[in-house]
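Summary of the model geometry
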Amino acid sequence: MSNFKPVSMKEVDLFLLEKNLESVGNILFDLKLIEFFNFQKKGFEKYEHKDNSEVSGKLLSLRSTISYLKEFYNEDTSKLIDSPIETVVELRKKEKIVSEKILHLKDDLKRQTILASLKVNSKELEAKKIIIGFISKEDKSNLKLLKKEKVLLNSYIYENRTYFSIKKDAKISFSYKEFYLPKKFNVNLPLKIKEEEHKKNEITHKLKEIANGCLLHLQKEELKLSKKTALLESRVKFNKTQNFAVISGYVPATKVKLLQRSLEEELGDNFEMKYKEAKGDNVPTLLNNPGFSGNYEELLKMYSLPKYGEFDPTFLMFLIFPIFYGFILGDVGYGVLSLILFTLIKPMFPAFKEFISILQISAISSTLFGAFYGEYFGYEPHIFPFEFHRVHHPETLLYAAIAFGLVHLNLGLLIGFFQEWKHSKYHAIMDKLVWIILQIGVFGWGIGASIGSQTLTVIGIIFFILAVAMLVKEHGFIGIIEIPSFFTSLLSYARLMAVGISSVVIAVLINEFAFPMIQGGIISGVFGILLLTIGHSFNMFLGNFESFLHSLRLHYVEFFTKFYEGNGREFEAFGKKVHSKDD
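Remember, predicted model here, so these are calculated numbers, not experimental data.

Calculation criteria
- Residues numbered from 1 in each chain as written.
- Predicted model: local features only at pLDDT ≥ 70, side-chain atom pairs only at ≥ 80, totals over all residues.
- Heavy atoms only, no water.
- Helix = DSSP H or I, 4+ residues; strand = E, 2+ residues; numbered from the N terminus.
- Rg over C-alpha atoms; globule rule 2.2 N^0.38 Å.
- Contact = heavy atoms within 4.5 Å.
- Areas by Shrake-Rupley, 256 points an atom, 1.4 Å probe, with all protein chains shown as cover.
- Lys, Arg positive; Asp, Glu negative; His and termini not counted.
- Charge placed at Lys NZ, Arg CZ, Asp CG, Glu CD.
- Core = buried A, V, L, I, M, F, W, Y, C linked by side-chain atoms within 4.5 Å.
- Buried < 20%, exposed > 50% of the residue type's maximum accessible area, 1.4 Å probe, protein only.
- Pairing = 2+ DSSP bridges.
- Axes fitted to C-alpha atoms, helices over the stretch in contact; angles between N-to-C directions.
- Expected span 1.5 Å × (residues − 1).
- Salt bridge = Lys/Arg side-chain N within 4 Å of Asp/Glu carboxyl O.
- Bend = angle between axes of the 7 residues up to and from the residue.
- Patch = residues over 30% accessible without salt bridge, like charges linked within 9 Å, V, L, I, M, F, W, Y side chains within 5 Å.
- pLDDT = per-residue confidence, 0-100.

In this section: the overall build of the protein. When you go through the protein residue by residue, the secondary structure sums to 17 helices and 10 strands. Rg of the C-alpha trace for the protein: 37 Å, well past the compact-globule value of 25 Å for 583 residues, more than 25% over. In terms of its C-alpha atoms, the protein occupies a principal-axis envelope of roughly 115 × 90 × 50 Å. Pairs at least 24 apart in sequence give 79% of the contacts found in the protein among residues at least 6 apart. Carbon and sulfur atoms provide 60% of the accessible area of the protein, an area that totals close to 32,800 Å². Across the protein, the mean location of the 72 positive side-chain charges is 7 Å away from that of the 65 negative side-chain charges.

Here's what the structure looks like:
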């Protein structure tokens with residue numbers, strides 16, 4: 001379970017012999033658990049920036065070769081060759097030349113086919129006594145015009161064009177595109193194409209041999225070069241003396257021992273590691289929410305990462321977001337179909353698997369709420385005795401939505417109160433607790449007046465006056481202006497009821513129109529089924545979209561503003577963003 005905080009970080013200093021810098025860099029690259037920071041240590045000097053353009057150029061060429069060879073790889077044969085990169089570059093050039101030649105030859109063959117179909121002979125071609133043009137296949141009127149004016153010699157339809165031949169001195173009243181004529185006929189074109197395709201197959205066979213023999217080796221070399229490049233780029237952040245180097249960085253507290261053991265295995269006692277609790281505004285944020293709750297980190301990142309040490313609301317989003325989503329959509333049919341749809345598309349979009357997982361959880365919530373509402377594509381079959389039919393009880397549903405809002409808003413205020421308490425007890429009370437006191441006053445006053453309880457009314461008025469006085473003291477009369485905005489935020493949760501009922505009404509209307517059509521005969525039945533299918537598909541899409549959007553808005557706009565600061569910087573481990581041999 002989440003501890004509601006980003007991962008605890010340590011500031012680590014590694015003192016080592018400069019000759020061991022490369023081997024340590026390789027270890028840190030593989031572990032991917034340290035983010036270097038730039039810090040000038042007293043008595044040390046910084047590494048100067050070195051031109052690594054040559055190494056970067058080699059790495060770029062290597063990655064390009066690997067990417068190209070992947071298309072030809074089948075199985076590893078480990079048959080290495082000398083200078084594989086240069087060989088591949090040369091073969092790629094040859095393959096490009098041959099492919100372009102095949103393309104030109106096939107184009108010439110196509111032109112000769114068209115000319116032969118138009119019955120144009122080589123003498124006419126050489127004498128340039130005719131014009132070959134083409135128009136759209138659909139342009140039949142202009143073809144008829146050529147026939148009518150008796151200037152058309154022949155015509156031929158090929159693909160989406162109509163080609164025609166006319167005498168050179170013929171006058172045409174419409175616009176057309178002239179066909180490029182080859183200088184002469186070449187009867188050996190099919191044979192030449194076959195020869196060039198054979199050359200291309202030989203090149204492809206050689207590329208397959210190189211890919212199967214060298215690809216894995218090249219990937220290992222790419223990884224080594226990636227490590228070297230990454231270390232060269234990071235050296236400017238390190239400190240050094242004549243013989244020693246100092247690497248400073250942030251490491252997750254739970255990984256410090258792993259780092260120490262890994263360095264001991266490589267260096268023995270030839271290094272020293274010091275670490276302390278990370279502090280300051282520049283400490284990076286690393287989230288660690290296990291299981292399904294981790295998917296909701298994506299929604300948090302869309303808003304802003306928490307600062308280091310700040311409350312992490314990811315787990316609360318995991319608990320509350322699906323409830324809001326299901327509260328709105330709440331239909332068994334839509335929920336089940338959405339779950340099936342999201343499950344089917346998830347493997348197609350691996351880059352969005354976390355986001356789709358959120359939608360899957362939300363679809364399950366919608367199904368459960370749908371069973372509670374007793375709704376199945378807007379139809380109410382009364383299956384379970386505990387069903388609450390929201391369309392018939394909108395007021396009760398509104399009260400429930402507002403109750404959810406009260407809990408949600410006050411949870412945010414309490415989190416903000418305890419967060420602020422660590423820094424300033426005064427501001428925790430005057431900026432956060434005051435709003436809870438205000439609510440006690442308003443609801444105590446209102447409930448006391450409605451039930452005729454003088455004691456409760458007086459208590460409510462006292463709390464209300466106290467809250468107003470606190471707001472005026474802290475914020476001036478602007479604090480009084482903010483009072484209505486708080487209750488407006490509370491009323492914003494009414495959207496949980498309103499948007500949900502609108503979706504039900506649309507579903508009911510679709511059913512009311514479609515079912516009589518289905519019962520009215522074959523033709524109207526087909527249209528009825530179409531209306532039922534398209535209507536519910538659209539309403540399901542709209543319902544999912546609105547449920548997601550409004551659930552997210554209630555978190556971003558109403559909940560987070562009560563306690564969340566954000567603007568954290570994501571932890572970027574050394575080696576994480578560099579291509580690996582498995583890419």
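Still to come is the rest of the account.
Bringing the nonpolar core into the picture now. In terms of nonpolar packing, the biggest core is built from 47 residues, with Leu299, Phe321, Leu496 and Phe560 touching the most fellow members. Sort the elements by how many residues they give to this core and helix α9 (residues 314-329) lands first, with nine residues. Setting aside chain neighbours within four positions, we find Phe560 in contact with Leu300, Tyr303, Pro313, Met317 and His555. With 26 residues, the next largest nonpolar core counts Phe29, Phe36, Tyr47 and Val256 among its residues.

Time to look at the sheet that holds strand β6 (residues 161-167). With antiparallel pairing, four strands are arranged side by side in an open sheet as β5-β6-β4-β7. Taken across any chain shown, the strands that pair with only one partner, and hence form the sheet edges, are β5 (152-158) and β7 (177-178). The sheet contact formed by strand β4 (residues 130-136) and β7 spans two bridges and is antiparallel. Its bridge partner being in β7, Phe134 is matched across the sheet by Lys177. The strands that helix α5 (residues 140-148) touches are β4, β5 and β6; relative to β5, the one it contacts most, it runs at about 160 degrees.

Let us look at helix α7 (residues 256-267). With 12 residues, α7 extends 16 Å between its outermost C-alpha atoms, agreeing within 8% with the 16 Å of an ideal straight helix rising 1.5 Å per residue. Close packing links the buried residues of α7 with β1 (9-17), α1 (21-31), β9 (244-252) and β10 (271-277). A positive backbone phi angle near 70 degrees is found at Gly268, which sits one or two residues after α7.

The topology assignment puts Leu118 in the loop between α3 (84-117) and α4 (122-127). Exposure remark for Leu118: the relative accessible area of 1% places this residue in the buried category. C-alpha of Leu118 to C-alpha of Gly575: the two residues are 457 residues apart in sequence and 65 Å apart in space. Setting aside residues no more than four positions away along its own chain, Leu118 makes contact with Ile132, Asn154, Ser155, Tyr156, Tyr163, Phe164 and Ser165.

Glancing now at the pattern of salt bridges. Counting across every chain of the model gives 19 salt bridges. Among the salt bridges present, the one from Glu35 reaches Arg569, with a minimum N-O distance of 2.5 Å. Within this pair, whereas Glu35 is found in strand β2 (residues 35-36), its partner Arg569 is found in the segment after α17 (522-559), the two being separated by 534 residues in sequence. Residue classification places Glu35 among the buried positions, given a relative accessible area of 8%. In this structure, the salt-bridge partner of Lys224 is Glu221, at a minimum N-O distance of 3.7 Å. On the criterion of helical spacing, the pair formed by Lys224 and Glu221 is a turn pair, its members being three residues apart in helix α6 (residues 189-234). On the basis of relative accessible area, Lys224 is assigned to the exposed category, the value being 55%. Linked through salt bridges whose partners overlap, the residues forming this network are Lys101, Glu196 and Lys199.

Over its 16 residues, α9 runs 22 Å from end to end, which matches the ideal 22 Å to within 8%, given 1.5 Å per residue. Ile320 marks where α9 bends most, by close to 25 degrees; the proline Pro322 follows one to four residues later. Most of α9 is tucked away, with 13 of its 16 residues classed as buried. Count one or two residues on from α9 and you reach Gly330, which has phi positive near 35 degrees.

Time to look at a positive patch on the surface. On the surface, Lys137, Lys140, Lys144 and Lys147 cluster together into a patch of positive charge. Summarising the element assignment, Lys140 is placed in helix α5.

Attention shifts here to the confidence of the model for the protein. Predicted confidence across the protein gives a mean pLDDT of 91, with 98% of residues reaching 70 or more. Scored below 50 in pLDDT, residues 579-583 shows 11 contacts in the model against residues more than four places distant or in partner chains.

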